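So the chains spell out like this:
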Amino acid sequence: MKICVLPGDGIGPEITAQALRVLAALRSDGLPIEIEQALIGGSAVDAEGVPLPASTLGLAGEADAVLLGAVGGPKWDGLPRDRRPERGLLGIRKSLELFANLRPAILYPELANASTLKPEVVAGLDIMIVRELTGDIYFGQPRGIEQRDGETVGFNTMIYSEAEIRRIARVAFDIAMKRSRRLCSVDKMNVLECTQLWRDVVTEEAKSYPDVELSHMLVDNAAMQLVRNPKQFDVMVTGNMFGDILSDEASMLTGSIGMLPSASLDAANKGMYEPSHGSAPDIAGKGLANPLATILSVAMMLRYTFGQEEAAARVEDAVKRVLAEGLRTADIHEKGKRQVGTAAMGDAVLAAL
Ligand code: IPM
Ligand code: MG
């Protein structure tokens, strides 16, 4: 079990440090875990001048799985586009062909008050957003900013091939088969040809999954329905940009983006695992960040890449237990609970494990 750990920037090093403790504990209990660490994002720009050094990509490529903290921060915001930390993240997704991004939005019963929505709207929420991650307007050519007829224009290309749509649709249908067998595909086919093709291909692929009930929804309506009645959704599948936006929205239904892990998988279930939240530069280095999303990302890694369901459930149960014991980092704190920092939360998870 070769794992490449990329702490990244901001709170990244602090939260991955706690996940590394969990991995070390699992290793002492017998899992053959090997760890390598490398630089990505702004820390790689500072050390080597580029956000994704070839050595990092090499290590990540050889590993069975990658655990990423977070990238980016105001320090690097002024850099040219090709050297920005985010480019490191997009580069590793594309190079390793991690086209299937799984972003669960689960409301832990203990955290029902953390949501800004009424408890009855979100209680029991458990949505899985399947976001295509290596295509769409994020990578489409042509793109740029240039002079046309004496004025400056900016442009990007939204593009999907049939094969790209088909492979992400299959991932989503397979996941739906393991859950409630309901899948909602999100597009903007009333305006965009690219997503007309998306709807056509997903509809065609549904024929191979007669047990899954497929529905379609326009993205603007989906954004609205997510706050109106989120529990109507189980598995959602959508393109890269719509998935970026809807997954942030869905995560906040749970009130605690600091709790949500994610997986980005290739065709062979090799994956990169990362918390859904960002690098939180405002609290970096203060020992305040919530390490649970990163620890839960380790659980996803154990499940999806290594097929270690038992170990995955053990990590998830440990997290549930510390929540039940009343421990809270600042982002999920409420009156009557015990507020702890990053390391103390890690201590509690290890003890529960
Ligand atoms: C995400 C992030 C990234 C994205 C950024 C940091 C490039 O927002 O993982 O959702 O847009 O994909
Ligand atoms: Mg995003």
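Residues numbered from 1 in each chain as written. Chains lettered and ligands numbered in written order. Predicted model: local features only at pLDDT ≥ 70, side-chain atom pairs only at ≥ 80, totals over all residues. Heavy atoms only, no water.

K.L.:
Please explain helix α10 (residues 292–304) as it appears in this structure.
P.N.:
An α-helical segment advances 3.6 residues per turn. Residues three or four places apart therefore align on the same side. Along its 13 residues, α10 runs 18 Å from first to last C-alpha, staying within 8% of the 18 Å computed at 1.5 Å per residue. A large share of α10 lies buried, amounting to 11 of its 13 residues. (Helix = DSSP H or I, 4+ residues; strand = E, 2+ residues; numbered from the N terminus. Expected span 1.5 Å × (residues − 1). Buried < 20%, exposed > 50% of the residue type's maximum accessible area, 1.4 Å probe, protein only.)

K.L.:
What is the right way to read the site of ligand 1 from this model?
P.N.:
Every residue close to ligand 1 is listed here: E86, R93, R103, R131, Y138 and D244. Coverage of ligand 1 by the protein chains reaches 74% of its 320 Å² of free accessible surface. (Near = heavy atom within 4 Å. Areas by Shrake-Rupley, 256 points an atom, 1.4 Å probe, with all protein chains shown as cover.)

K.L.:
Just to check I follow, could you spell out the packing of aromatic side chains for this structure?
P.N.:
Aromatic ring pairs are described here by two measures, namely the spacing of the ring centres and the angle between the planes. Under the defined criterion, the tally for this structure stands at two aromatic pairs. Here Y160 and W198 contribute two aromatic rings whose centre-to-centre distance is 5.3 Å and whose plane-to-plane angle is 55°, an arrangement assigned as tilted. Of the two residues, Y160 sits in the loop between β7 (151–155) and α6 (162–178) while W198 sits in helix α7 (residues 193–205), which places them 38 residues apart along the sequence. Judged by centre distance (4.7 Å) and plane angle (10°), the rings of F173 and Y209 are stacked. In this pair, F173 sits in helix α6 while Y209 sits in the loop between α7 and β9 (213–218), placing the two residues 36 residues apart along the sequence. (Phe/Tyr/Trp six-rings, centres within 6.5 Å; stacked < 30°, edge-to-face > 60°.)

K.L.:
Is there a simple way to explain the nonpolar core in this structure?
P.N.:
Soluble globular proteins: nonpolar side chains tend toward being buried together. L67, L102, V130, M259 and L302 are the most contacted members of the largest nonpolar core, which has 66 residues in total. Split by domain, this core shows at least three residues from each of two domains, domain 1 (1–99 + 266–353) and domain 2 (103–257). The contact partners of V130, leaving out residues within four places of it in the chain, are N101, L102, I168, V171, A172, I175, V235, M236, V237 and T238. If you look at the next biggest cluster of nonpolar residues, it comprises 19 residues, including L125, I127, V186 and V219. (Core = buried A, V, L, I, M, F, W, Y, C linked by side-chain atoms within 4.5 Å. Domains from an automatic or database assignment. Contact = heavy atoms within 4.5 Å.)

K.L.:
Can you walk me through the domain arrangement of the protein in this structure?
P.N.:
You'll often see interface size given as the accessible area lost when the parts meet. When cut into domains, the protein gives domain 1 (1–99 + 266–353) and domain 2 (103–257). Contacts between the two partners involve 18 residues from domain 1, matched on the other side by 18 residues from domain 2. Of the roughly 1800 Å² buried between domain 1 and domain 2 on both sides combined, carbon and sulfur atoms contribute 64%. Area buried by domain 1 at its contact with domain 2 is led by R93, K94 and F99, which between them contribute 35% of it. Taken together, the links from domain 1 to domain 2 amount to zero salt bridges. Viewed at the interface, domain 2 and domain 1 are joined by four residue pairs in polar contact (both at pLDDT 80 or more). Of all elements in the fold, only α4 (85–95), α10 and α11 (309–324) reach the threshold of two or more residues within the side of domain 1 that touches domain 2. When residues in the side of domain 1 that touches domain 2 are grouped by element, the largest group, four residues, is from α10. (Buried area = accessible area lost by both parts, 1.4 Å probe. Salt bridge = Lys/Arg side-chain N within 4 Å of Asp/Glu carboxyl O. Polar contact = N/O pair within 3.5 Å; in protein donor to acceptor, adjacent residues only side chain to side chain.)

K.L.:
Looking at this model, I keep getting lost on helix α9 (residues 240–253). Mind explaining?
P.N.:
Between the first and last C-alpha of α9 there are 20 Å, a value that for 14 residues agrees with the 20 Å anticipated at 1.5 Å per step. All buried positions along α9 are accounted for by N240, F242, G243, L246, S247, A250, S251 and L253. Down the axis of α9, the buried set is contained in an arc of 150°. They therefore lie on one face. Where α9 ends, the next residue or the one after it, G255, has phi of about 75°, a positive value. (Arc of directions from axis to C-beta.)

K.L.:
I tried to follow the pattern of salt bridges on my own but got confused; where do I start?
P.N.:
For side chains of opposite charge, pairing can occur when their charged atoms come near one another. Under the counting rule described, the total for this entry stands at 20 salt bridges. Residue R179 is joined to D126 by a salt bridge in which the shortest nitrogen-to-oxygen separation is 3.2 Å. Of this pair, R179 sits in the loop between α6 and β8 (182–187) while D126 sits in strand β5 (residues 126–132), and the two are 53 residues apart along the sequence. The class of R179 is partly exposed, set by a relative accessible area of 26%. We classify D126 as partly exposed; its relative accessible area is 35%. In this structure, R166 engages E204 in a salt bridge whose closest nitrogen and oxygen atoms are separated by 2.9 Å.

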